[in-house]
Each structure stands twice: as structure tokens, then as C-alpha cells.
Amino acid sequence: MSPQSAASSAEFADAPPFPRRRVCPYEPPAAYTELSERGPINPVTLWNGRQVWVVTSYALGRALLSDPRMSSDRSRDEYPSMAPNLSAEAARKLVLVGMDPPEHDVHRRLLSPYFGLKQARAMRPAVQAIVDELVDDMLAKGPVADLVADFALSIPSRTMFALMGIPDDEAEFFESVTSGIMQGADAEGAQQAGARFVAYLDQLVAAQEQAPGSGLIGELARLVVSGELDHAELVQITMVLLIAGLETTASMIPVGALVLLDHPAQLRGLQAGTVSLPVAVEELLRLAAVTDFAAIRWAKEDIEVDGHRIAAGEGVVVSSPMVNRDSAVHDDPYAFRIDRGSRKHMTFGYGIHQCLGQNLARLQLEVAYETLFRRIPGLRLAVPAERVTVRPVGTMQGVRELPVTW
Ligand code: HEM
């Protein structure tokens, strides 16, 4: 079969819309399954009418995400915009995640030492204290509680603030600006949220440059003082870390809790200690990936894969829920098996941009689930599972609220 590009292919005509709204908060829409049955890579149509390739095969996803001909440069028009809010400049001019080597590697090298396994482990007591306080408040208030507003939202913000040295009382502001960028209905709203975000960080970072504090921003501010980094770069780095670290984890915590509540027998194994917590978290990450696109790229040159030609300039999206359910990798891939014990998923992406904060994310998920189901053993949904409202289609999939009782 001769290679075809999305722009010239007959397949192009019936490229289905992507992404789609989920019906179940942790299952991909049926249309994605149909797509993966057609083959490992297929054209789809984005909200703005642009056609891009969607990859549903784990092996092909890995191959493309380690291919230096694929670019993450978000400042270029070739970079696919997955939702209206993501076409705002605030979402397109992102350092690190939106850069290619060699610029990407400079920032990654700078930040990696703060995000290793050891550094995440050192955060455990702080995360445990945050989660315990939230559970105390839920218990004091009594049922019903909302696992989104009363629990999940505060864990990543307070964890990131502790790591970075930002005062806790700024949580509401940061939640509003990060969700304004990531969940905003349009580019204008996202851009306004981005401008408020940058203005605030500008002052925060400047203050730390005058008198570096003990958190990560303080550490990096010392590099500005010594001339290794400049002020604008540090503002951008701080913004990327907060955008990447808040909304993702806040979306994942309740969706993972819902999977556990929907599988009570397996949850009991976790509560009884017969299932390893890190193994359970890994399976939750595989099954309940909160973004439909682990990685978005565009081709710098023509690339031939699997009988298709990805033409230079065309976009490629690796679908996390589908590559995570590749039957060539997992038996019974749609089933939740709490003791599956496989790390073969792309919820954190793959290759040079693979999630910098994954150790911290895993830590927060572990502490959140262990504490929640230990301290409130009778926790259950307060509404029938089918009445749990899913978020509108956008950057992060998930639930709007998760009412629970005990
Ligand atoms: C469950 C929670 C999380 C999920 C699902 C997630 C997912 C991802 C994914 C898929 C990527 C790759 C993007 C790409 O290839 O274009 C990524 C990158 C990144 N993540 Fe996360 N993430 C999570 C939590 C965090 C946390 C807690 C932080 C904390 C700082 C963080 C910081 C980053 C950064 C800085 C990058 C860019 C890395 C680079 O470009 O080199 N993430 N994340």
C-alpha cells in the first residue's frame, strides 16, 4: 500500500471528530474504540476543522514520541490546537513542554534534580498532613461531601505550594487561573486568565529574587541572581509547573476514586492490604487517564508509518486512553485489574517530554487513596454512578463533582 497523507487521503473525508465527551468518566468514548479497530493511526477532525492523525497503538506511540522529526514547538501554527482555550497565547508559549531540543533539554536538566524519586519521597509527610486535614474537615462536616471540591482540588495546589514556596492562602487564585487556561470555554477567557497569572508570578518571582526563600522558586531565584537564568524565564517555568501540576492531578484523584468505588471487591483488597498501593495506582493511571491526548506533536518532515505518510506540518496526537488499552500489550485491556502490575501506559507521556512531575503525582495519588479509604472505610457514592456528571469535552476529562457519603 502506498503511503497516504491525511491531507490527500480518501480517509480524510470521513475523519471523525476528536476529542469526544466521555459517557463514563474513566472509559474512552465508543468512537475511540471504533477508531483503534480501523488501525493504529487514523485521521480525525479537531474543533476548528483541522485534520490530524490520532495514534491508538502503544508501539507506534512510543516510536513517534521518540522520533526527533516530531516537534512539540507550540509557538508554530503547525502545532494542533485541541480546544478553543488552547489556542490562546498563554497556552501556546509554554517553555519546556512546548519546546524542542536543545532549548527543552536546558530547562529539563535544570528542573530534573527537584523532581526525582528521592525528592518526591521527602514530600510525603507534607502531602500526608494536607490529606489528613482535608479528611478531618470532611468528617467534621459530615456527609455528603464532594470529592472534587472538598478533597481533590486542594491536594495538588497545596502540595505544589509547599514544594515551590508559595503561600497557601493563594490557592483559590491559582486554581482559578490554571483552570481558566486549561478549562476555559474560549481563547479570550484563557488569555485573560494567563495574563493575570503572569502578572502575579512576575511579582512573586521578583520578590524571591530580592530575598530567595526556601522553596523551589527560591532555589531557582538564586540562579537568576547568579545570572544562570533570567527573570522572564523563571516566571515562565513557574507558570508551566503550576499549569502542569495542578489541573492534571486534581482531575485524576476523583476519577481514580470513582474507579475504586465502582469496583468494591477490588477496593476491599486494597483496604485489607492484600493489594499493593503503588500497583493499584499504576492500574488506575492506565485505565483512567484524564487527558485524551498524552502528547501532541507535528511532523517536521514527511514520516512514513504503517502504510500512511504523515506529511511535514501535519499534526499527530497520541491518545492516552487508547494506547493504554492496546490489546497487543494488555490482556483484557478494558478491565480494571487492581493487581495488574504493569507500567506500560502513556498517561504520563513518553520520550523526552515524559511527565517531569510523575513521582510527585504518584505520591499524591497514593496518599490520597490510602488515607481516604482507611479513614472512611464505608465511603460510597451518594448518587447512582450514572448520575455522576462528566466534564464537557476539553483539555482534561473527568468529573465536575463526585458526591460521596459514609
Ligand atoms: C496525574 C497527574 C499528571 C498527569 C496525567 C500528567 C501528564 C503529563 C503528560 C502526558 C506529559 C507529557 C506531555 C507531552 O509529551 O507533550 C506531562 C509533562 C509534564 N508534566 Fe505532568 N502530569 C501529571 C502531573 C504532573 C505534576 C504533579 C507535575 C508537577 C510539576 C507535572 C509537570 C509536568 C511537566 C513540567 C511536564 C513537561 C515535561 C517536559 O516537557 O519535559 N505533571 N505530564
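Data block above holds the structure.
None of the values given here were measured: they were computed from a predicted structure.

Student: Help me understand the site of the ligand, please; the structure alone is not making it clear to me.
Tutor: Among the 24 residues in the neighbourhood of the ligand, the closest are listed as His104, Arg108, Arg297, His353 and Cys355. Within the backbone of valine 97, a nitrogen or oxygen atom sits 3.5 Å from an oxygen atom of the ligand. The separation between an oxygen atom of the ligand and a polar side-chain atom of arginine 108 is 2.7 Å. A molecule is said to occupy a pocket when more than half its atoms come within 2 Å of that pocket's grid points, and by this definition the ligand occupies the largest cavity. Breaking the shell around the ligand down by element, the ones donating at least two residues are α4 (103-111), α12 (231-262) and β5 (295-299). It is α12 that provides the largest number of residues to the shell around the ligand, a total of six residues.

Student: Where do I start with the coordination of the iron atom of the ligand in this structure?
Tutor: Each donor-metal-donor angle in an ideal tetrahedron of four donors is 109.5 degrees, and each such angle in an ideal octahedron of six donors is either 90 or 180 degrees. Just one protein atom donates to the iron atom of the ligand; it is Cys355 (SG), sitting 2.3 Å from the metal. Position of cysteine 355 relative to the elements: it lies in the loop between α15 (320-323) and α16 (358-375).

Student: Is there a simple way to explain the side chain of glutamate 209 in this structure?
Tutor: Along the chain, the position of glutamate 209 falls in helix α10 (residues 187-210). Although glutamate 209 is buried, it makes no salt bridge; arginine 222 carries the closest opposite charge, 12 Å away. Looking at glutamate 209, its side chain comes within polar contact range of the side chain of histidine 231, at 2.9 Å. The contact partners of glutamate 209, leaving out residues within four places of it in the chain, are Ala221, Val224, Val225, His231 and Leu234.

Student: Which parts of the structure should I look at to understand the sheet that holds strand β9 (residues 380-381)?
Tutor: Either a parallel or an antiparallel arrangement is found when strands of a sheet pair, and the pairing is made through backbone hydrogen bonds. A sheet is described by the order of its strands in space; here three strands give the open sequence β4-β10-β9, paired in antiparallel fashion. Lying at the two open borders of the sheet, with one neighbouring strand each, are β4 (145-146) and β9. Taken together, the two bridges between β4 and strand β10 (residues 403-405) define a ladder with antiparallel strand orientation. What sits directly across from alanine 145, in β10, is valine 404.

Student: Could you clarify how one ought to interpret the layout of surface pockets in this entry?
Tutor: The probe, sized like a water molecule, is rolled over the atoms to show the empty space still left. Computed from the structure, the largest pocket encloses a volume of approximately 270 Å³. Along the walls of the largest pocket sit 14 residues, with Leu117, Pro278, Arg343, Arg362 and Glu366 positioned nearest its centre. The element that contributes the greatest number of residues to the lining of the largest pocket is α16, accounting for four residues.

Student: Explain the side chain of glutamate 282 here, please?
Tutor: Inspection of the secondary structure assignment puts glutamate 282 in helix α14 (residues 277-287). When near neighbours in sequence (up to four residues on either side) are disregarded, glutamate 282 contacts Ser342, Arg343, His345 and Arg362.

Student: Would you take a moment to explain the nonpolar core for this structure?
Tutor: Soluble globular proteins tend to pack their nonpolar side chains together in the buried interior. If you look at the biggest cluster of nonpolar residues, it comprises 94 residues, and the most contacted ones within it are Phe151, Phe174 and Leu242. When residues of this core are assigned to their parent elements, the largest contribution, 17 residues, is made by α12. Not counting chain neighbours up to four residues away, the residues in contact with phenylalanine 174 comprise Phe161, Ile166, Phe197, Tyr200, Leu201, Leu242 and Leu246. Ranked by size, the runner-up nonpolar core spans 17 residues in total, among them Leu60, Ala299, Ile303 and Ile310.

Student: Would you take a moment to explain the sheet that holds strand β3 (residues 70-71) for this structure?
Tutor: Read from one edge to the other, the open sheet built from five strands follows the order β1-β2-β8-β5-β3, with strand pairing classed as mixed. Looking at the sheet topology across the chains shown, the edges are occupied by β1 (41-45) and β3.

Student: Looking at this structure, I do not really get empty space enclosed by the protein. What am I missing?
Tutor: Enumeration according to the criterion identifies two cavities of 30 Å³ or more in this entry. Considered as a void within the structure, the largest cavity measures approximately 1100 Å³ in volume. Every residue lining the largest cavity is counted, 49 residues in all, and those nearest its centre are Val97, Ala244, Thr248, Ala294 and Cys355. Elements with a contribution of two residues or more to the lining of the largest cavity: α3 (89-92), α4, α9 (171-182), α12, β5 and α16.

Student: It is not clear to me how the pairing of strand β2 (residues 51-55) should be interpreted in this structure. Could you clarify?
Tutor: Where burial is concerned, most of β2 is hidden: five out of the five residues are buried. Burial along β2 is two-sided: Gln51, Trp53 and Val55 facing one way and Val52 and Val54 facing the other are all buried. In this sheet, β2 lies alongside β1 in antiparallel orientation, the contact comprising five bridges. From the neighbouring strand, proline 43 faces β2, where its bridge partner is tryptophan 53. Where β2 meets strand β8 (residues 315-318), three bridges bridge the pair, whose relative direction is parallel. Within β8, the residue paired with valine 54 across the bridge is valine 317.

Parameters and conventions
- Residues numbered from 1 in each chain as written.
- Predicted model: local features only at pLDDT ≥ 70, side-chain atom pairs only at ≥ 80, totals over all residues.
- Heavy atoms only, no water.
- Near = heavy atom within 4 Å.
- Polar contact = N/O pair within 3.5 Å; in protein donor to acceptor, adjacent residues only side chain to side chain.
- 1 Å grid on protein atoms, 1.4 Å probe; cavity = no way out; pocket = protein on both sides within 12 Å on 5 of 7 lines; lining within 4 Å.
- Sits in = over half its atoms within 2 Å of the grid points.
- Helix = DSSP H or I, 4+ residues; strand = E, 2+ residues; numbered from the N terminus.
- Donors = N, O, S within 2.8 Å, 3.2 Å for Na, K, Ca; no water.
- Buried < 20%, exposed > 50% of the residue type's maximum accessible area, 1.4 Å probe, protein only.
- Lys, Arg positive; Asp, Glu negative; His and termini not counted.
- Salt bridge = Lys/Arg side-chain N within 4 Å of Asp/Glu carboxyl O.
- Contact = heavy atoms within 4.5 Å.
- Pairing = 2+ DSSP bridges.
- Points joined across faces, edges and corners; volume = space filled by probe spheres on them.
- Core = buried A, V, L, I, M, F, W, Y, C linked by side-chain atoms within 4.5 Å.

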